Amino acid sequence: MALSLIHKDPQVIPEGIHWHRTAPPPPKCERIDGDQSADVVIIGAGLTGLRTAITLAEAGVDTAVLDAEKIGFGSSGRSGGQCNPIWRATPEDLRKKFGDAQAERLIRTTLSSADDLFDDIRRYEVDCGAEQNGWIQAAHTRKASDGLKRLHESWAAVGAEISVMPKAKTHAAVGSDAYDFSLHHAKGGFVQPLGLTRGYAKAAKAAGARLYEQAPALKVDKTGSKWRIETPQGSVTADTVILSTNAYTDDLWPGLRQTMLPMYSISLATAPLSPEQQATVLPGRKTISDTRLAIYYARYDANNRLIFGCVGSNDSPRTLGGIGRLLTGLHTVFPQLKGIEIECSWAGRIGVTQDMMPRMFEPAPGVLAGVGYSGRGIAMTSVMGRSLARKVLGGHNDDLPFPVSTIQPIPFHELSRRLVPLMAPSLSMKDKAGVIWDRMRPGHSEKET
């Protein structure tokens, strides 16, 4: 059913998660009834938890997955679905932070992360509209261009398939003159994120994992050598607990929520673009994201709708000018789409750590957690899921791509969390000031060609 046309009044854009309209159906899940037992219980049926469950179940581990809502309720069913497989940090940054040996494991895993994801999609026959056409990382100012050049130099030196696109190539690849410099990451791509999540759920169930929806974990207690997870309908007792709730983490385990801040991603879906429009907007069907603090990003869906997003303030895209920011961004990057029908808009949380890198925690014997993907979740949740499973199956910490640590909350977390709603408009204002300053700098008209 077609949704109402909007042009001028952003308040009439219907709210609704586009991926729910186009994802294949989920597998049938169970409801907890009484006391259950398992070898491993995973809390959170998103991409991390379900990818962990696949490997464990395939290895013969009795695995139960609990979710407080439905499979893919959180970020895994709300994100932009872009596979952006390079960190914001350079390999040199990673070596300084983690040491040479740990950094080399993380670098090698990062270089293969996108191919590993798309290989998984083929292996498990996941219906998620996957396309690996590349990712354009676009600079919105000359200062940002300099940063991308350094990123390219560093990652290309360790084998990443990244190429520089100066002005003419960038304009042609994006279908816009909003950017004069970009990097092309050949391994990037996109998926229907809820389709990917449900596909992982089907694979986990086929391998023998038990999936429980609407089973919020209320309490975690140590019972002898085991852990007991209490829900309103019953409990699950297991040797190992894995916490994979990311930005939707509550206070179930002390301090875990405080290791990251819940930033918000807001998105819209246009009506399907005509062939003529597709020829002028991301004509190679690549994904794009830029270097703004309040980042703009875009990609197609399987039916040629453009999905466009930016940073929001909370779980509604309407808050503090979010819809206006979305439309301004769409029309800034793709002015040829002014007046196009917007079918819906939605929001989702992103778990952001202080250094924009994920965390793998072991807060107690038999308890693991993987969180904090900071906008790199499509590829890196799979990396984390395989890593958590490897750890449970006896893998040594020195063999894992992510360092394993105890929980370390962000200082002044509660104050920072309360300020999160103001961050999107504040970052947007800084971005605008940066663009104005860039235009005033000498040599503005001499950008690369």
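Residues numbered from 1 in each chain as written. Predicted model: local features only at pLDDT ≥ 70, side-chain atom pairs only at ≥ 80, totals over all residues. Heavy atoms only, no water.

## As for the nonpolar core
Part 1: Counting residues in hydrophobic clusters, the biggest one holds 60 residues, and the most contacted among them are Leu50, Trp87, Leu94, Leu117, Ile121, Trp155 and Leu196.
Part 2: Only strand E1 (34–43), helix H2 (47–58), helix H4 (100–123), strand E4 (135–139), helix H5 (142–157), strand E6 (181–185), helix H7 (193–207) and helix H10 (377–392) provide two or more residues apiece to this core.
Part 3: For tryptophan 87, the residues in contact, after removing those within four places along its chain, are Leu94, Leu106, Thr110, Leu151, Trp155, Met356, Met357, Pro358, Arg376, Met380 and Phe402.
Part 4: Ranked by size, the runner-up nonpolar core spans 30 residues in total, among them Tyr179, Val281, Val333 and Ala347. (Core = buried A, V, L, I, M, F, W, Y, C linked by side-chain atoms within 4.5 Å. Buried < 20%, exposed > 50% of the residue type's maximum accessible area, 1.4 Å probe, protein only. Helix = DSSP H or I, 4+ residues; strand = E, 2+ residues; numbered from the N terminus. Contact = heavy atoms within 4.5 Å.)

## Structural notes on the environment of glycine 129
Part 1: Within the fold, glycine 129 resides in the loop between H4 and E4.
Part 2: Residue classification places glycine 129 among the partly exposed residues on the basis of a relative accessible area of 31%.
Part 3: Not counting the four nearest positions on each side in its chain, glycine 129 is found in contact with Phe190 and Val191.

## Observations concerning the packing of helix H3 (residues 91–98) against H4
Part 1: H4 packs onto H3 with a crossing angle of 140 degrees between their chain directions and a minimal axis gap of 7 Å. One way to sum up the angle between H3 and H4 is to call them oblique. The way H3 lies across H4 gives a crossing that is right-handed. On H4, the residues that touch Pro91, Leu94, Arg95 and Phe98 of H3 are Asp100, Gln102, Ala103, Glu104, Leu106 and Ile107.
Part 2: Tallied by class, the residues present in the contact of H3 with H4 amount to six nonpolar, one polar and three charged. (Axes fitted to C-alpha atoms, helices over the stretch in contact; angles between N-to-C directions. Parallel < 35°, antiparallel > 145°, perpendicular 65-115°, else oblique. Left-handed = near helix turned anticlockwise from the far one by under 90°. Nonpolar A, V, L, I, M, F, W, Y, C, P; charged D, E, K, R; others polar.)

## Some details on the confidence of the model for the protein chain
Part 1: Residue-level pLDDT values for the protein chain average 94, and 96% of them are 70 or greater.
Part 2: Considering only residues more than four positions removed or in separate chains, one finds that residues 1–10, a stretch of pLDDT under 50, has 22 contacts.
Part 3: Scored below 50 in pLDDT, residues 445–449 shows 10 contacts in the model against residues more than four places distant or in partner chains. (pLDDT = per-residue confidence, 0-100.)

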